[in-house]
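Working through the structure, step by step
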Amino acid sequence: IVTVLFLDSDNKLICKNETLSDDDKVALEKGGKETSRFKSGCTATQLWYVAGKKEDENAIRKTCAFFYKTSKKYSYANAVLDFGTNESGIENLRLAQIVSDSLFMSDYKYDVFKKDDSVKLENVTICLDIPANQAAAIVEKNAVIAKGVNLVRDMVNAPANIMTIDKFEETAKNACRECGLQ
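In what follows, the accompanying structure is described. (Residues numbered from 1 in each chain as written. Predicted model: local features only at pLDDT ≥ 70, side-chain atom pairs only at ≥ 80, totals over all residues. Heavy atoms only, no water.)

**Notes on the overall build of the protein**
This is how it is decided: Only runs of H or I of at least four residues qualify as helices and only runs of E of at least two qualify as strands under DSSP, and these elements are numbered from the N terminus. Three exposure classes are used, based on accessible area relative to the maximum for each residue type with a 1.4 Å probe and protein chains only: buried under 20%, partly exposed in between, and exposed over 50%. Note on definitions: a residue-residue contact is assigned when non-hydrogen atoms from the two residues lie within 4.5 Å. Surface accessibility in these figures is a Shrake-Rupley result with a 1.4 Å probe; residues are shielded only by whichever protein chains are displayed. Positive charges are assigned to Lys and Arg, negative charges to Asp and Glu, while His and the chain termini are left out of the count. Charge placement uses NZ in Lys and CZ in Arg. For Asp and Glu, CG and CD serve respectively.
Along the backbone of the protein there are 5 helices and 6 strands. Listing the helices and strands of the protein from first to last along the sequence gives β-β-α-β-β-α-β-α-β-α-α. Across its three principal directions, the C-alpha atoms of the protein cover 60 × 35 × 30 Å. Within the protein, the fraction of its 182 residues that count as buried is 32%. If you take every contact in the protein between residues at least 6 apart in sequence, the share linking residues at least 24 apart comes to 67%. Carbon and sulfur atoms form 52% of the exposed surface of the protein, whose accessible area is close to 11500 Å². Side chains of the protein give 25 positive and 27 negative charges; the mean places of these two sets differ by 4 Å.

Structure representation (structure tokens):
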């Protein structure tokens, strides 16, 4: 579980989380932006992460990348990204769009010639107060966008002897066919 915290304009920690000890709060505040603290409990590992200042969308993107990389590093198949009462200063729907987009983009890896034996992050739970149907629509839309972006990434990253002009044309035509374009 990664709980995301923010700093106010005076670099003071905004935190209503009672499970975070006073010593941890002081350490996180003192460390500032991109500081984290681990706590292992009986049930789950808890991580508090200071994203940075309120209303900073780039800080949210960096937080999602940190969350994804940390989950992969420790081989977690299930992980929770918790925004709690959302102290980010960003509207919940916009925050959901940023988080969804960032997680899909973090998932890219060009591994055509390598066998990837790492644990896949299969279940991500994002704690944010928005209606389920809106959350599903945001995730669905970002999944489609990420699929297209990752296709282009694969095409760019492929060596020239693999992604020949003919293969490039074939790939583009197949992508258009899937979308109903002629």
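**Brief notes about the pattern of salt bridges**
Definition in use: Salt bridge, as used here: a side-chain nitrogen of Lys or Arg that lies within 4 Å of a carboxyl oxygen of Asp or Glu.
Throughout the structure, instances matching the rule amount to 7 salt bridges. The partner of Asp24 in a salt bridge is Arg37, with the nearest N and O atoms 2.8 Å apart. Taken together, the residues Asp24 in helix α1 (residues 22-31) and Arg37 in strand β3 (residues 36-40) connect sequence positions 13 residues apart. The exposure class assigned to Asp24 is buried, which follows from its relative accessible area of 14%. For Arg37, a relative accessible area of 31% puts it in the partly exposed group.

**Considerations on helix α4 (residues 132-157)**
Note the following rule: Any helix carries an expected span of 1.5 Å times its number of residues minus one.
Here α4 contains 26 residues, and its C-alpha end-to-end distance of 36 Å stays within 8% of the 38 Å for a straight helix at 1.5 Å per residue. Tucked inside the fold, the buried residues of α4 contact α3 (92-106) and α5 (165-179).

**Remarks on the side chain of Ser100**
Quick note on the threshold: Under the rule applied, a polar contact is a pair of N or O atoms within 3.5 Å (in protein, one hydrogen donor and one hydrogen acceptor; residues adjacent in sequence only if both atoms are side-chain atoms).
Among the structural elements, Ser100 can be located in helix α3. Classification of Ser100 by relative accessible area gives buried; the value is 5%. Polar contacts involving the side chain of Ser100 include one to the side chain of Asn142, which spans 3.2 Å. Sequence-distant contacts of Ser100, that is, excluding residues within four places in its chain, are made with Ile138, Val139 and Asn142.

**Digging into the packing of α3 against α4**
Relative orientation and spacing of two packed helices are given, respectively, by the angle between their axes and the distance between those axes. Cut-off, in case you're wondering: Fitted lines through C-alpha atoms give the axes, limited to the stretch in contact for helices. The angle between two N-to-C directions lies from 0 to 180 degrees. A clockwise turn of the near helix away from the far one marks a right-handed crossing, whereas an anticlockwise turn of less than a right angle marks a left-handed crossing. Each residue gets one label: Ala, Val, Leu, Ile, Met, Phe, Trp, Tyr, Cys and Pro are nonpolar, Asp, Glu, Lys and Arg are charged, and the others, such as Gly, are polar.
Packing of α3 against α4 leaves a shortest axis separation of 9 Å and a crossing angle of 35°. Viewed along their axes, α3 and α4 form a crossing whose handedness is right-handed. Two secondary-structure elements touch here, α3 through Leu93, Ala96, Gln97, Ser100, Asp101, Phe104 and Met105 and α4 through Gln134, Ile138, Val139, Asn142, Ala143, Ile145, Ala146, Val149, Asn150 and Arg153. Considering only residue class, the contact of α3 with α4 consists of 10 nonpolar, 5 polar and 2 charged.

Shape is all these values report; function is a separate question.
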